[in-house]
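Breakdown of the fold
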Amino acid sequence: MAKTIVYSTETCPWCHVAKDFLKDNNIEFEAKDVAKDDAARAELIQKSGQLGVPVLDIDGTIIVGFDKPAIKKALDL
Amino acid sequence: MYDLIIIGGGVAAFAAAIYAGRLQLKTLLVGEKVGGTIMLTDEIANYPGFKKITGMELFLRIKEHAQDYDIEVLEERAESIERQTGLVRNSTDVPEPADRRNSNGAVGFEVVTKDERLKTKTVIIATGTHLRKLNVPGEAEFANRGVHYCALCDGALYKNRVIGVVGGSDSAATEALLLSEYAEKVFIIYRKEKIRAEPVTAQRVDRNKKIEIINNTNVIEMKGDKFLHSVILDKPYKGSNELKLDALFIQVGQIPLSDLAAAAGVATNEKKEIIINRDCETNIPGIFACGDVVDGRFKQAITGVAQAVTAAHSAYEYVAGL
């Protein structure tokens, strides 16, 4: 299974939608709260060059925003 | 063939689906991104039955309610609406009203997606709006690099920082209040004398010690390196036209997503809003519209939902009359 990381904040609605989408498709993922975790915030900037959330890292493929077609493609759904 | 295709994915679209389901119309909802702009609202306190609810929660409840009925949902972009030719009427005994025929004498529409041509007797357009941009130098360059459009999504990233909000509407004031929970300081930068927030919101802004309003002022440029560092104002603030900011949230209104409707011949006004009557009919018989995309003066979830119910009922009566 692909290694999936979701960079998010607690309040961000599209972050919740993204996580729910992964759960609905039985995709295991690691969630990192970039508002609480400075290291995760730095990682988000290093990987995506920006600060908008959600960002998904799916086996190195970086997806900014809840872009369902891109997520499905990266996960081969 | 569907009785009704609803185009849109927000609260108005799903509210129309609830009522279409109740009226047992064979209904398909086509929405590219299910959720809509209400997802970006932190707190809704004017929807009857809920003293306080988040935009996302309200949307999910309405969506769940709609899906209790026998409706279909297709998460695709509707690319066009075309008037159909040669459809067979429900009954050959009853003459069709002349105004329900198109120029070829037929009734109905095709909603075109990238893969399908979906036939329907009626259409409800509930495509909503997208957020207006400020259109000044630096805005695109620093998008998500200090320039943002959703405090609920990205505000928490700016704890103890200095943030600006551009705009003077109730939405702008609400964004500033939310951001003040994280930020050290929030400036509301507004081009006019007095912000247009609802009294209850304006009062909360007045009492908030972290918020300062810079009025009669425009942001004309955004500057930085990798990330935003400052904005340029068209008037000096405390002796300088440059205001140092860690982030700028833009709330300068919304633009109706009506191009699809306009391309189908649906009449719009100078603001690109779809013109409807009180039954939510457009100028094209069989096409109805509701929600933020229409020409209402007061746009709230509750007004959009009320229009959606009216539009669904009008579609029902239209189908019954075919």
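Residues numbered from 1 in each chain as written. Chains lettered and ligands numbered in written order. Predicted model: local features only at pLDDT ≥ 70, side-chain atom pairs only at ≥ 80, totals over all residues.

1. A closer look at the confidence of the model for chain B
All names here are of chain B.
- When pLDDT is averaged along chain B, the result is 92, and 93% of the positions lie at 70 or above.
- Overall, residues 86-98 carries pLDDT values under 50, and its contacts beyond four positions in sequence, including any with other chains, amount to 12 contacts.
- Model confidence for the complex: the whole-complex pTM is 0.87, and ipTM, which rates the interface, is 0.87. (pLDDT = per-residue confidence, 0-100. Contact = placed C-beta atoms within 7 Å.)

2. Here we look at the domain arrangement of chain B
- Structurally, chain B comprises domain 1 (2-130 + 254-320) and domain 2 (133-250).
- Using only C-alpha atoms to locate each centre, domain 1 of chain B and domain 2 of chain B end up separated by 35 Å. (Domains from an automatic or database assignment.)

3. As for the pairing of strand β2 (residues 27-30) of chain B
Residue and element names in this part refer to chain B.
- Burial of β2 is two-sided: the residues Thr27 and Leu29 facing one way and the residues Leu28 and Val30 facing the other way are all buried.
- Here 4 bridges tie strand β1 (residues 2-7) to β2, and the two strands are oriented parallel to one another. Bridge pairing in β2 links Ile6 to Leu29.
- With helix α1 (residues 11-22) bridging β1 and the parallel β2, this β-α-β connection has right-handed handedness. (Buried ≥ 20, exposed ≤ 12 C-beta atoms within 10 Å, placed from the backbone. Helix = DSSP H or I, 4+ residues; strand = E, 2+ residues; numbered from the N terminus. Pairing = 2+ DSSP bridges. Right-handed = clockwise from strand over helix to strand, strands pointing away.)

4. Quick look at the sheet that holds strand β11 (residues 211-214) of chain B
Residue and element names in this part refer to chain B.
- Overall, parallel pairing links the 5 strands, which are arranged β8-β15-β9-β10-β11 in an open sheet. Single-partner strands in this sheet number two, and they are β8 (147-148) and β11.
- Bridge count between strand β9 (residues 162-166) and strand β15 (residues 247-250): 4 bridges; the pairing is parallel. Paired with Val166 across the two strands is Ile250, which belongs to β15.

5. Observations concerning the sheet that holds strand β14 (residues 240-244) of chain B
Residue and element names in this part refer to chain B.
- One open sheet holds the 3 strands; their spatial order is β12-β13-β14, and the pairing between them is antiparallel. Each edge of the open sheet carries a strand with a single partner, namely β12 (219-224) and β14. Between one strand and the next, the sheet's axes are offset by a mean angle of 30°, whatever the strand orientation.
- With 5 bridges connecting them, β12 and strand β13 (residues 228-237) associate as antiparallel partners. Across the sheet, the residue bridging to Glu221 is Ile232, located in β13. (Axes fitted to C-alpha atoms, helices over the stretch in contact; angles between N-to-C directions.)

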